[in-house]
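In case you want the letters, here they are:
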Amino acid sequence: MSRQVFNGTSSSLNFSTRITGNGCSHTNLREDDLDSLRFELTKTEDEIQTLRQVLLAKEKYAADIRRQLGMSPLSNMKQNLSKGWQEVQTSAPYLTASATLEDISNSSAYVRTRDGLSQAGQVTSAALSNVGVAITRRLAQMRALPLPSPPRTLSHTISVPSMRHSSTFKSIEEIVGSVKSDWRRIKR
């Protein structure tokens, strides 16, 4: 198997590989070949880690330069969106669709439909306005009418002592008493 090394050179490690029926690869390697592969793996993983660190440092440096230039992440996003929208507007599919929509909007069927819907909207608006005026008038008329009967004053028809002996009062008294005792149990 030939391997491309990061610096562009190619190291050639040839090993016999056998594919088993379940898709797993088994190699028949000698111990020194396994050591060589382990060394290559360690070296490659170290290179990957170094590249990650370099990339992180470069990203921080670029962010610092953007900050010094007064460019915020939001302005970058706006700039990217603007550039993307400009690319969309100049793309062939967009131009084709735009021309097709323009042709449709200039067609007689579209113009007749637009005008018909516009007239229907105007008629509906006028009808709803008339309904609103009629409802407002009726409410004003109802406000002017006297109330059906004069307001009544509340008077006690039963005395408080006789009320205490009624079944309704006793039922309410029992409910309040049980709620009070339940509250005391919960509070403890």
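Please read these numbers as outputs of a predicted model, since none were measured by experiment.

Turning our eyes to something else, we now look at the overall build of the protein chain. The helix and strand tally for the protein chain stands at six helices and four strands. Counted from the first residue to the last, the protein chain has its helices and strands arranged as β-β-β-β-α-α-α-α-α-α. Looking at the 188 residues of the protein chain, the share that counts as buried comes to 4%. Put simply, 17% of the contacts in the protein chain that link residues at least 6 apart link residues at least 24 apart.

Moving on: a nonpolar patch on the surface. Taken together, the side chains of Val 131, Ile 135, Leu 139, Met 142 and Leu 145 define a hydrophobic patch exposed on the protein surface, amounting to about 470 Å² of accessible area. Tracing the backbone shows Ile 135 in helix H4 (residues 108–144).

Attention shifts here to the packing of aromatic side chains. Following the criterion strictly, the structure yields one aromatic pair and no others. Ring geometry for Trp 85 against Tyr 94: centres 5.9 Å apart, planes inclined by 75°, an arrangement best described as edge-to-face. With a relative accessible area of 32%, Tyr 94 lands in the partly exposed category.

Moving on: the pattern of salt bridges. On inspection of all chains with the given rule, the structure shows six salt bridges. The residue Arg 30 makes a salt bridge to Asp 32 at a minimum N-O spacing of 3.7 Å. By relative accessible area, Arg 30 is classed as exposed at 54%. One salt bridge in this structure joins Arg 67 and Asp 64, with 2.4 Å as the shortest N-O distance. Highlighted residues: Arg 67 and Asp 64, both in helix H1 (residues 31–68), separated by three residues, approximately one helical turn. Residue classification places Arg 67 among the exposed positions, given a relative accessible area of 57%. Assessed through its relative accessible area of 27%, Asp 64 is described here as partly exposed. Through salt bridges that share partners, Arg 30, Asp 32 and Asp 33 make up one connected network.

Here the protein chain averages 79 in pLDDT, while 75% of its residues score no lower than 70. Highest mean pLDDT in the protein chain belongs to H1 (94); lowest belongs to strand E3 (residues 17–19) (48). Note on residues 18–24: pLDDT is under 50 here. Beyond four places in sequence and across chains, it has seven contacts.

A separate point is H1. In this model H1 runs 56 Å from its N-terminal to its C-terminal C-alpha over 38 residues, within 8% of the 56 Å that 1.5 Å per residue would give. Looking one or two residues past H1, Gly 70 carries a phi angle of roughly 85°, positive in sign.

The rules we used
- Residues numbered from 1 in each chain as written.
- Predicted model: local features only at pLDDT ≥ 70, side-chain atom pairs only at ≥ 80, totals over all residues.
- Heavy atoms only, no water.
- Helix = DSSP H or I, 4+ residues; strand = E, 2+ residues; numbered from the N terminus.
- Buried < 20%, exposed > 50% of the residue type's maximum accessible area, 1.4 Å probe, protein only.
- Contact = heavy atoms within 4.5 Å.
- Patch = residues over 30% accessible without salt bridge, like charges linked within 9 Å, V, L, I, M, F, W, Y side chains within 5 Å.
- Areas by Shrake-Rupley, 256 points an atom, 1.4 Å probe, with all protein chains shown as cover.
- Salt bridge = Lys/Arg side-chain N within 4 Å of Asp/Glu carboxyl O.
- Phe/Tyr/Trp six-rings, centres within 6.5 Å; stacked < 30°, edge-to-face > 60°.
- pLDDT = per-residue confidence, 0-100.
- Expected span 1.5 Å × (residues − 1).

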